[in-house]
Amino acid sequence: MDLKGFERLGPCHWRLAPRGAMRVPVEIFADEALLQAMDDKVREQATNVATLPGIVRASYAMPDAHWGYGFPIGGVAAFDPDEGGVVSAGGVGFDVSCGVRCLLTGLPVEAILEVHEPLAEALFAAIPAGVGSTGQIRLSDSEMDAMLRGGARWAVAQGYGEAADLERIEEHGCMAGADPKAVSAQAKKRQREEMGTLGSGNHYLEVQRVAEIYDEATAAVFGLVRDQVVVSIHCGSRGLGHQIGTEYFKEMALAAKIYGIVLPDRELACAPITSPVGQRYLGAMRAAINCALANRQILTHLTRKVFAEFFTGLSLPLLYDVSHNTCKVETHEVDGRKRTLYVHRKGATRAFGPGHPELPEALRAVGQPVLIGGSMGTASYVLVGTRESEALAFSSACHGAGRAMSRQQALKRWQGREVVESLARRGVIVRSPSFRGVAEEAPEAYKDVSAVVDAADRAGLARKVAKLVPLVCIKG
DNA sequence: ATGTTC
């Protein structure tokens with residue numbers, strides 16, 4: 001993008017002063033190279049977001065920001081309900097509560113390499129993956145509503161995982177304020193057979209080696225040890241979240257007109273937080289958050305069962321579970337005053353700093369684990385939230401690598417089979433039901449995740465703790 | 001991301 005008009009606030013912090021209809025500035029966190037490489041659309045979309053009613057402080061973009069539906073992916077925007085603030089389905093994203101969780105195995109990498117191929121096959125057999133994949137679970141209407149209200153807490157009560165997992169999940173595994181009545185019959189129908197499934201696109205389950213530690217003290221608190229193995233699961237709310245996003249987007253496009261909200265782009269469709277449709281959306285979105293938390297919890301259970309076949313008695317405790325497509329009610333200090341804000345993070349990870357009361361006791365002193373998924377076959381990172389991140393971007397950080405190339409372009413460039421073979425030569429076993437999906441997700445179709453993470457670290461959004469590299473990748 | 005174009 002063109003750097004003209006930006007004021008540089010720091011090595012990885014840029015500001016566009018408000019002009020025209022903008023109510024607040026745009027702030028982008030990136031080094032100069034990332035900003036230059038960033039799509040012009042990010043500037044345009046972040047500028048559009050800055051015009052929305054009730055937006056507070058700034059329209060933010062993270063170092064991995066790219067063109068999204070209305071709002072940029074990698075965008076953070078907070079709205080004040082008392083100042084006409086809005087909520088937007090496109091500002092959350094269609095894969096509601098897409099996120100990452102990380103399980104600790106405590107195993108040395110050698111133990112995995114002894115069973116590398118059979119472990120990959122067993123995980124591939126146990127984890128339903130791909131477009132429209134279905135699981136073993138069938139929910140009745142009342143079970144569906146209980147799941148939408150209870151999230152991972154519901155899943156644990158059904159026998160998927162352990163009660164100890166819950167404190168290692170945002171919202172302690174259960175998002176309050178979920179309203180199953182605000183979720184359409186169609187959305188529930190789409191989800192009926194999709195609990196405990198990975199989905200497709202950039203979703204994956206990876207067995208990873210801790211390849212590098214940047215912060216020994218924090219890594220020790222997190223339980224991350226160099227050359228030990230972890231399992232990361234990246235997925236979301238599947239068909240249900242997508243259906244909710246689609247339906248409420250349409251409703252919000254009408255609501256914006258009714259409430260006289262001027263939209264520079266129709267895709268910014270939104271409604272006042274205090275409006276009936278805004279409230280119903282929040283209830284449905286929170287139900288979708290619970291769906292994603294339950295989904296990742298069930299996948300965790302399936303993963304543990306597979307590992308137990310190879311390593312008797314192994315428990316795989318949960319390090320943490322983060323969501324990066326949400327709107328959450330949070331208290332933040334703005335101009336010296338505590339305010340209750342509706343923080344949209346779309347392709348952005350919540351990153352609470354040390355001492356935050358929401359964090360589990362065992363982690364509170366060091367800060368929240370911020371799990372950053374890389375693209376298939378490349379590195380992932382664990383970061384930790386900082387104190388300064390609250391003043392920078394309402395305690396938010398990046399979420400992953402971000403696409404550098406469209407799916408269409410990637411399909412022209414690579415054959416899925418070749419991508420699998422090339423990764424196998426680098427020691428990564430990839431198993432996927434779709435070679436097409438693998439081609440679309442070729443590592444080179446993504447930005448360099450390490451540059452993104454370094455920029456987040458230098459900007460102070462979160463601090464690097466450890467680097468993870470894959471040994472096995474189950475791809476949707 | 002997505003019953004990959006209701």
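First things first, this report covers the structure right here in the doc. Quantities reported herein were computed from a predicted structural model and do not represent experimental measurements.

Conventions we followed
Residues numbered from 1 in each chain as written. Chains lettered and ligands numbered in written order. Predicted model: local features only at pLDDT ≥ 70, side-chain atom pairs only at ≥ 80, totals over all residues. Heavy atoms only, no water. Axes fitted to C-alpha atoms, helices over the stretch in contact; angles between N-to-C directions. Helix = DSSP H or I, 4+ residues; strand = E, 2+ residues; numbered from the N terminus. Parallel < 35°, antiparallel > 145°, perpendicular 65-115°, else oblique. Left-handed = near helix turned anticlockwise from the far one by under 90°. Contact = heavy atoms within 4.5 Å. Near = heavy atom within 4 Å. Polar contact = N/O pair within 3.5 Å; in protein donor to acceptor, adjacent residues only side chain to side chain. Nonpolar A, V, L, I, M, F, W, Y, C, P; charged D, E, K, R; others polar. Buried < 20%, exposed > 50% of the residue type's maximum accessible area, 1.4 Å probe, protein only. Pairing = 2+ DSSP bridges.

Some remarks on the packing of helix H10 (residues 238-258) against helix H11 (residues 276-310)
At a closest axis distance of 10 Å, the pairing of H10 and H11 adopts a crossing angle of 165°. Relative to H11, H10 is oriented roughly antiparallel. Once H10 is placed against H11, the crossing between them reads as left-handed. Of the residues in H11, those touching H10 at Arg 238, Leu 240, Gly 241, Ile 244, Tyr 248, Glu 251, Met 252 and Ala 255 are Val 277, Arg 280, Tyr 281, Ala 284, Ala 288, Cys 291 and Asn 295.

So, the protein's contact with DNA strand B
Gln 186, Arg 190, Ser 200, Asn 202 and Arg 238 are the nearest of the 15 residues found near DNA strand B. Backbone sugar and phosphate groups make up 47% of those atoms of DNA strand B lying within 4 Å of the protein. Here a phosphate oxygen of DNA strand B sits 2.7 Å away from a polar atom, N or O, in the side chain of Arg 238. For DNA strand B, a base oxygen lies 3.4 Å from a polar atom in the side chain of His 242. Elements with a minimum of two residues in the surface near DNA strand B: helix H8 (185-191) and H10. Here the surface near DNA strand B gets three residues from one element, more than from any other, and that element is H10. Along the lines of polarity and charge, the residues of the surface near DNA strand B split into two nonpolar, eight polar and five charged.

A look at the pairing of strand E19 (residues 462-475)
When you tally the buried positions in E19, you get eleven out of 14 residues, the bulk of the element. Relative to E19, strand E8 (residues 204-213) runs antiparallel, the two sharing nine bridges. Residue Val 207 lies in a different strand from E19, and its bridge partner there is Val 472. Across six bridges, strand E16 (residues 380-385) lies against E19 in antiparallel orientation. Residue pairing in the sheet places Leu 383 in a bridge with Lys 464 of E19. Where strand E18 (residues 429-431) and E19 come together, three bridges link them in parallel fashion. Bridge pairing in E19 links Ile 429 to Val 472.

Considering the packing of helix H5 (residues 116-126) against H11
Two numbers describe how H5 lies on H11: the axes approach to 10 Å, and their chain directions differ by 145°. Of the two possible hands of crossing, H5 and H11 adopt the one that is right-handed. The segment H5 lies against H11, with Pro 118, Leu 119, Ala 122, Leu 123 and Ala 126 engaging Leu 302, Thr 303, Val 306, Phe 307 and Phe 310. When grouped by side-chain class, the residues that make up the contact of H5 with H11 number nine nonpolar, one polar and no charged.

Looking at the sheet that holds strand E1 (residues 6-10)
Pairing in this open sheet of seven strands is mixed, and the strands run E1-E2-E3-E4-E5-E13-E12 from one edge to the other. If you trace the sheet from one side to the other, it starts and ends with E1 and strand E12 (325-334), each paired once. Between one strand axis and the next, the sheet turns by 25° as a mean value, whatever way the strands run. The pairing of E1 with strand E2 (residues 13-16) spans four bridges and is antiparallel. For Gly 10, the partnering residue across the bridge sits in E2 and is His 13.

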